[in-house]
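# Inside the fold
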Amino acid sequence: MPQVLTAREVEAILSSGQPIPTGAVLTPSARDLVDAKKRAATGAKTAVVVAAPVTVVASAPAAAVPATGAPSIPDYEYKWTPGTDAKTPDEIQRFFHSAPIEELKRRICDMGRRLWLKDYTDGNGGNITIRVGDNLALCTPTLICKGFMQPADMCLTDLDGNQLAGTRVRTSEAKTHYAIMKRQPAAKACVHAHPPHATAFAISNASIPSSLIPEAEVFLGKIGVAKYETPGTPANAEEVGRVGVDHQAVLMQNHGVICWGKDVEDAYWKMENIDAYCRTVGFAASLGTGLHRFGPDKLKDLIALRQKLGMPDPRANMKEAELIDTADFRPGVICQQSAAPAPAETAPDATVEALVGKITEEILRQLGQAK
Ligand SMILES: [Zn+2]
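Keep in mind that what you see is a predicted model, and the values were worked out from it rather than measured.

### Comments concerning helix H3 (residues 89-96)
In an α-helix, one turn spans 3.6 residues, which is why side chains three or four residues apart end up on the same side. Among all positions of H3, only Ile92, Phe95 and Phe96 are buried. Buried positions in H3, seen along its axis, are confined to an arc of 95 degrees and lie on one side of it. Counted as exposed and oriented over 90 degrees from the buried face of H3: Asp90 and Arg94. The elements touched by buried residues of H3 are helix H4 (99-117), strand S4 (127-133), strand S5 (136-139), strand S6 (155-157) and strand S7 (163-165).

What follows is the structure in structure tokens.
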């Protein structure tokens, strides 16, 4: 399939001094840019390096274009040839500034803006990663508002979190994302945020009920729950990785949500899916009429559909009887204390002690007088 290049990608290639790949398909604006550069270069000392032939298409999305012109679904998944990771500092820099990686950086910024506009992140909250090699990933930097990131803010790391490129320090949560990616090869991108409706479930003792909305079963699957660990710690990465391996949406207790997908938009969609689902369940529960669930036979159909789409679901081999969700979700459920150490025996209150003493004294005095 020919490589389709937009004006931005052509600009990035030319500014890196690389030739435009042979056989590449240029969008009209990309072709205009090349023509303009050629004109500017005429008579100048430097020439635009264009490896012919290139083709112009009427309009082309950033994703793959079908050779036949048949309708298709754009594919934004980043694919690489195993064993070809950039290794030397020069290779890493070239890779980090290559056109496909610059495009992914822009997509991370887009998803960050969406997270912020939806109120899924506040302050510097949330982080985004995309796997771009056997042992390479792009990630957002630490201490940055997700709504206003620039491509130049992005970082490149290995999957142990060691920073390889980028001028800003990587997010401390990157290792949590990579703990999923290391266990689950289909997880090519992760998005972490604190969407309020789903996070409300994460800080409550109510389980998110299932068998309510078909789309949630298909696109979110069974929502995982990772027990609380301090954010950014190896223990947190271990727990989230363990749960995330076969749950695409993971509720992080007392924290937020992490979702993964085949590309960064796919992962972001799941963030929208889980928060919209939790918001709807919350409203429905507040109606006070109880929740109407569809049966396990119908749930089985949806799980099969999810598998057809290539998405994992730990419920795939469960029997209908095992799929019955008995989680009782109502407003006002009793909050339980989780695994806290047993409190020491309550120390006596000095004021109460003094009062009891005084009352006892008074009773004894009156008894004495009565004699
Ligand atoms: Zn967080």
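### What about the pattern of salt bridges?
Throughout the structure, instances matching the rule amount to 18 salt bridges. Notably, a salt bridge pairs Arg106 with Glu103, separated by 3.0 Å at the nearest N-O pair. Taken together, the residues Arg106 and Glu103, both in helix H4 and three residues apart, mark about one turn of the helix. Its salt-bridge partner being Arg315, residue Asp313 comes within 3.0 Å of it at the nearest N-O pair. Taken individually, Asp313 and Arg315 each receive the classification buried, so the pair is uniform in this respect.

### A closer look at the packing of helix H5 (residues 174-183) against helix H8 (residues 234-244)
Following both chains from N to C, one finds H5 and H8 inclined at 40 degrees, their axes separated by 8 Å at the closest point. Of the two elements, H5 crosses H8, and the hand of that crossing is right-handed. Judged by residue contacts, Lys175, Thr176, Ala179, Ile180 and Arg183 of H5 engage Asn236, Ala237, Glu238, Val240, Gly241, Arg242 and Gly244 from H8. For the contact of H5 with H8, the residue count by class is four nonpolar, four polar and four charged.

### A few points about the packing of H4 against helix H9 (residues 264-286)
Running from amino to carboxyl end, H4 crosses H9 at an angle of 10 degrees, the nearest separation of the two axes being 10 Å. Between H4 and H9, the crossing angle belongs to the class labelled roughly parallel. From H4, Arg107, Met111, Arg114 and Leu115 reach across to H9, where they touch Val264, Glu265, Tyr268, Trp269 and Met271. Per-class residue counts for the contact of H4 with H9 are six nonpolar, no polar and three charged.

### Overview of the sheet that holds strand S8 (residues 189-193)
If you trace the eight strands from one edge of the open sheet to the other, you get S7-S6-S5-S4-S8-S11-S10-S9, paired in mixed fashion. In the strand order of this sheet, the two ends are held by S7 and strand S9 (224-226), each with one partner. Taken pair by pair, the neighbouring strands of this sheet meet at an average axis angle of 25 degrees, ignoring direction. Examined bridge by bridge, S9 and strand S10 (residues 249-252) share three bridges and lie parallel to one another. From the neighbouring strand, Val225 faces S10, where its bridge partner is Leu251.

### Here's the deal with the pairing of S5
Here S5 shows no split at all, with Leu136 and Leu138 on one side and Ala137 and Cys139 on the other all buried. Following S4, the chain reverses through two residues before pairing antiparallel with S5.

### A closer look at the environment of Cys259
Note on placement: Cys259 falls in strand S11 (residues 256-261). Setting aside its immediate chain neighbours within four residues, Cys259 contacts Ala189, Cys190, Val191, Gln248, Ala249, Ala267, Lys270 and Met271.

### What about the nonpolar core?
Ranked by size, the top nonpolar core spans 46 residues in total, and within it Val132 and Leu156 carry the most contacts. Here the element with the most residues in this core is H9; it accounts for eight residues. Excluding residues that lie within four positions of it along the chain, Leu156 makes contacts with Ile92, Phe95, Phe96, Val132, Leu136, Ala137, Leu138, Asn162, Gln163, Leu164 and Ala165. By size, the runner-up hydrophobic cluster in this structure holds 17 residues, among which are Cys139, Cys155, Ile180 and Ala226.

### Comments concerning the confidence of the model for the chain
Put simply, the chain has an average pLDDT of 84, and 75% of its residues get 70 or more. Taken together, the stretch residues 333-338 has pLDDT below 50 and engages in four contacts with residues farther than four places along the chain or on a different chain. Residue range residues 340-346 is modelled with pLDDT below 50. Its contacts to residues more than four positions away, or to other chains, number zero contacts.

### So, the environment of Lys222
By the secondary structure assignment, Lys222 is in the loop between helix H7 (214-219) and S9. Relative accessible area serves as the criterion here: at 40%, Lys222 is assigned to the partly exposed category. Note: C-alpha distance between Lys222 and Pro314 (92 residues apart in sequence) is 7.1 Å. Those residues in contact with Lys222 that lie beyond four places of it in its chain are His247, Ala249, Asp313, Pro314 and Arg315.

### Quick word on the environment of Asp301
The topology assignment puts Asp301 in helix H10 (residues 296-308). Classification of Asp301 as exposed rests on a relative accessible area of 51%.

So, how was this worked out
Residues numbered from 1 in each chain as written. Predicted model: local features only at pLDDT ≥ 70, side-chain atom pairs only at ≥ 80, totals over all residues. Heavy atoms only, no water. Buried < 20%, exposed > 50% of the residue type's maximum accessible area, 1.4 Å probe, protein only. Helix = DSSP H or I, 4+ residues; strand = E, 2+ residues; numbered from the N terminus. Arc of directions from axis to C-beta. Contact = heavy atoms within 4.5 Å. Salt bridge = Lys/Arg side-chain N within 4 Å of Asp/Glu carboxyl O. Axes fitted to C-alpha atoms, helices over the stretch in contact; angles between N-to-C directions. Left-handed = near helix turned anticlockwise from the far one by under 90°. Nonpolar A, V, L, I, M, F, W, Y, C, P; charged D, E, K, R; others polar. Parallel < 35°, antiparallel > 145°, perpendicular 65-115°, else oblique. Pairing = 2+ DSSP bridges. Core = buried A, V, L, I, M, F, W, Y, C linked by side-chain atoms within 4.5 Å. pLDDT = per-residue confidence, 0-100.

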